[in-house]
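Chain by chain, the residues:
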Amino acid sequence: MTNPTAAVRDRVLSLPSGELPAYVYDLAALRDHAAHVRAALPASVELYYAAKANPEPEILAALGPYVDGYEVASGGELAHVAKAVPGRPLAFGGPGKTPAEITAALERGVERFHVESEYELRMLAELARQITPDSRVAVLPRFNLPVASGSLAASSLAMGGRPTPFGLDPSEADAVVRLLTDGTYPHLELQGVHAHLASGLRAPEQLVVAESIVRWAVGLAERHGVRLSEVNVGGGMTVDYAAPEDRFDWVAYGEGLGELTSRYPDLTLRIEPGRAMTAYCGWYVTEVLDVKQSHGEEFAVVRGGTHHIRTPATKGHDQPCTVLAVEDWPHPWPRPAARRELVTLTGQLCTPKDVLARNVPTPGLRAGDRVAFSLAGAYAWNISHHDFLMHPRPGFHFLDGVHAESVAGEGAQG
Ligand SMILES: *Cc1c(COP(=O)(O)O)cnc(C)c1O
């Protein structure tokens, strides 16, 4: 269980049933969290927010003062983020970039390209020659590096150090550095190295990974007698859905990165977290529609489901939640209520996969009670299959603690 902030709680209880389900974002809480993250990081570390975690314009804007820029991973994100936070630096990453996307990025003057393959490097070089002939485009080849064994064992989504479609194989590193430094591609500049190797890592594991990336990058640069000004060690800071209060230790991470950068004073380190920035500020709130028994277990069906918040289905966890009891029962028919200690919360979809949380201790849960699912601010609405079964879309509320006001409306991803 996690307790909603007062602002979220008030909103959940004041919304009429017909306006549920809804996403409620606490922007004041987001700003506090982002300020804490920024304060924990040394000045030598740049922070780019990975927009794919949650690209709602209000979220991107609220993060503005605390981030150095944004990482985008498609032409769609590029156009969207450039509009939501105009003028902010963008890094363009992601596999399978098309010529049209690269062209758009060059025309917009994107600051950094994270290059995923040798083919992409060749394409970028030629497009840069055509589109930006008078400047040099900053390139960070992304490498799929082996990392110290054991450190990634705990990772939920390892994408480095084993066969994946992400980044360049380390065996290609020498050839790529040569291409970028021997005059072959005069319109490209080797800015540094990028690696995003896993997600779901705690601070000590993240530091092991960061150190091994930096050491590898410095070795590569020394071998070629070239200077790297940046190493991007990626995102993937853990969010523990089973223990929501147990947050990634940004203070320890920042101290470790500070120690690392002090050994390489010429180097700028960059991180690009997504999930651990925005997960905590978002709530998916709804009400119980029905409570029933089935073969010795109890189920509560809520308004909405995994077509709005696919996170528990994709990650295979129970989405943490809080029940807010509602005394009013407006209907003339009897109100169903749970008789067991534990209730499984499901959505309205006609599939057994539509499970939000299993065996939640909610004795006495009734139809009409409200449920607020927490940690719904990242990889939630925007990774979900909205149109399956054609239920209405949720409302979107952005609570701004300063002005105590909010905007309700369709999500940006609608
Ligand atoms: C998804 C992604 C991130 C952000 O990962 P989180 O787990 O959300 O922190 C950062 N960099 C790259 C290249 C990514 O693909």
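Cut-off values and rules
- Residues numbered from 1 in each chain as written.
- Predicted model: local features only at pLDDT ≥ 70, side-chain atom pairs only at ≥ 80, totals over all residues.
- Heavy atoms only, no water.
- Helix = DSSP H or I, 4+ residues; strand = E, 2+ residues; numbered from the N terminus.
- Rg over C-alpha atoms; globule rule 2.2 N^0.38 Å.
- Buried < 20%, exposed > 50% of the residue type's maximum accessible area, 1.4 Å probe, protein only.
- Areas by Shrake-Rupley, 256 points an atom, 1.4 Å probe, with all protein chains shown as cover.
- Lys, Arg positive; Asp, Glu negative; His and termini not counted.
- Charge placed at Lys NZ, Arg CZ, Asp CG, Glu CD.
- Domains from an automatic or database assignment.
- Contact = heavy atoms within 4.5 Å.
- Buried area = accessible area lost by both parts, 1.4 Å probe.
- Salt bridge = Lys/Arg side-chain N within 4 Å of Asp/Glu carboxyl O.
- Near = heavy atom within 4 Å.
- Polar contact = N/O pair within 3.5 Å; in protein donor to acceptor, adjacent residues only side chain to side chain.
- Nonpolar A, V, L, I, M, F, W, Y, C, P; charged D, E, K, R; others polar.
- Core = buried A, V, L, I, M, F, W, Y, C linked by side-chain atoms within 4.5 Å.
- Phe/Tyr/Trp six-rings, centres within 6.5 Å; stacked < 30°, edge-to-face > 60°.
- Lys NZ or Arg CZ within 6 Å of the ring centre and 35° of its normal.
- Axes fitted to C-alpha atoms, helices over the stretch in contact; angles between N-to-C directions.
- Parallel < 35°, antiparallel > 145°, perpendicular 65-115°, else oblique.
- Left-handed = near helix turned anticlockwise from the far one by under 90°.
- Arc of directions from axis to C-beta.
- Pairing = 2+ DSSP bridges.

## Looking at the overall build of the chain
Move 1: Assigned secondary structure in the chain consists of eleven helices and 18 strands.
Move 2: Against the globule reference of 22 Å for 414 residues, the chain gives a C-alpha radius of gyration of 23 Å, in line with a compact fold.
Move 3: Considering only C-alpha atoms, the chain reaches an extent of 80 × 40 × 40 Å along its principal axes.
Move 4: Within the chain, buried positions represent 54% of all 414 residues.
Move 5: When the accessible surface of the chain is split by element, carbon and sulfur atoms take 52% of a total near 17,300 Å².
Move 6: Each charge class in the chain was averaged separately, 36 positive and 49 negative side chains, and the resulting centres sit 3 Å apart.

## Here's the deal with the domain arrangement of the chain
Move 1: Examined at the domain level, the chain breaks down into domain 1 (6-24 + 280-407) and domain 2 (27-278).
Move 2: Computed over C-alpha atoms only, the centres of domain 1 and domain 2 are separated by 35 Å.
Move 3: Domain 1 puts 21 residues into the contact, and the matching count from domain 2 is 22 residues.
Move 4: Considering only the side of domain 1, the residues that lose the most area to domain 2 are Tyr 280, Tyr 379 and Phe 398, jointly responsible for 40% of the buried surface there.
Move 5: Here domain 1 and domain 2 share one salt bridge between them.

## Here's the deal with the site of the ligand
Move 1: Not every one of the 14 residues close to the ligand is listed here, only the nearest: Lys 52, Gly 236, Glu 272, Arg 275 and Tyr 379.
Move 2: In the environment of the ligand, an oxygen atom lies 2.8 Å from a nitrogen or oxygen atom belonging to the backbone of Arg 275.
Move 3: For the shell around the ligand, the class distribution of residues is three nonpolar, six polar and five charged.

## Observations regarding the pattern of salt bridges
Move 1: As enumerated under the stated definition, the model contains 20 salt bridges in all.
Move 2: As a salt-bridge pair, Glu 211 and Arg 215 come within 3.5 Å of each other at their nearest N and O atoms. Linking Glu 211 with Arg 215, this pair stays in helix 8 (residues 203-224), spanning four residues, or about one helical turn.
Move 3: A relative accessible area of 25% means that Glu 211 is categorised as partly exposed.
Move 4: With its nearest N and O atoms 3.1 Å apart, the salt bridge here joins Asp 369 to Arg 366.

## Let's talk about the nonpolar core
One broad trend across soluble globular proteins is that nonpolar side chains are buried collectively.
Move 1: Phe 113, Leu 188, Trp 250, Tyr 253 and Ile 271 are the most contacted members of the largest nonpolar core, which totals 109 residues.
Move 2: A per-element tally of this core places helix 8 first, with nine residues.
Move 3: The residue makeup of this core includes at least three contributed by each of domain 1 (6-24 + 280-407) and domain 2 (27-278).
Move 4: Contact partners of Tyr 253, with chain neighbours within four places excluded, come to Leu 41, Ala 203, Gln 206, Leu 207, Val 233, Met 237, Phe 248 and Ile 271.
Move 5: With eleven residues, the next largest nonpolar core counts Ala 22, Val 285, Ala 372 and Leu 399 among its residues.

## Looking at the packing of aromatic side chains
Move 1: Under the criterion given, the structure shown has 13 aromatic pairs.
Move 2: Lys 97 extends its terminal NZ or CZ atom over the ring of Phe 92, reaching a point 5.5 Å from the ring centre.
Move 3: Its end group placed over the ring of Tyr 280, Arg 247 keeps NZ or CZ at 3.9 Å from the ring centre.

## A closer look at the packing of helix 4 (residues 75-84) against helix 5 (residues 99-108)
Move 1: The N-to-C vectors of helix 4 and helix 5 enclose an angle of 25°; their axes lie 9 Å apart at closest approach. One finds that helix 4 runs roughly parallel with respect to helix 5. Where helix 4 crosses over helix 5, the two elements pack in a sense that is left-handed. Touching Gly 75, Leu 78, Ala 79 and Ala 82 of helix 4 are Glu 101, Ala 104, Ala 105 and Arg 108, all from helix 5.
Move 2: The residue inventory of the contact of helix 4 with helix 5, partitioned by class, reads five nonpolar, one polar and two charged.

## Things to note about helix 4
Move 1: By the burial criterion, the buried members of helix 4 are Gly 75, Glu 77, Leu 78, Val 81 and Ala 82. All buried residues of helix 4 lie within an arc of 155° about the axis, which places them on one face of the element. Facing away from the buried side of helix 4, by more than 90 degrees, are the exposed residues Gly 76 and Lys 83.
Move 2: Near the N-terminus of helix 4, the side chain that reaches the backbone nitrogen of Gly 76, with its oxygen 3.2 Å away, is that of Ser 74.

## Side note on the sheet that holds strand 9 (residues 230-232)
Move 1: Across the sheet, nine strands lie side by side as 7-6-5-4-3-2-10-9-8; this open sheet has parallel pairing. Each edge of the open sheet is held by one strand with a lone partner, namely strand 7 (188-190) and strand 8 (192-194). Looking at each pair of strands side by side, their axes are set apart by 25° on average, direction ignored.
Move 2: Relative to strand 6 (residues 137-141), strand 5 (residues 112-115) is paired through three bridges, and the arrangement is parallel. Along strand 6, the bridge assignment pairs His 114 with Leu 140.
Move 3: Of the strands in this sheet, strand 6 and strand 7 are in contact with helix 7 (residues 173-181), which crosses strand 7 at around 130°.

## So, unusual backbone geometry
Move 1: Here the bond from Leu 20 into Pro 21 is cis, since omega is 0°, no more than 30 degrees from zero.
Move 2: Inspection of the secondary structure puts Pro 21 in the loop between helix 1 (6-14) and strand 1 (22-26).
Move 3: The phi angle at His 295 is positive, at roughly 45°, despite the residue not being glycine.
Move 4: Within the element layout of this structure, His 295 appears in the loop between strand 11 (282-294) and strand 12 (297-302).
Move 5: We note that Asn 359 has phi near 45°; this positive angle belongs to a residue other than glycine.

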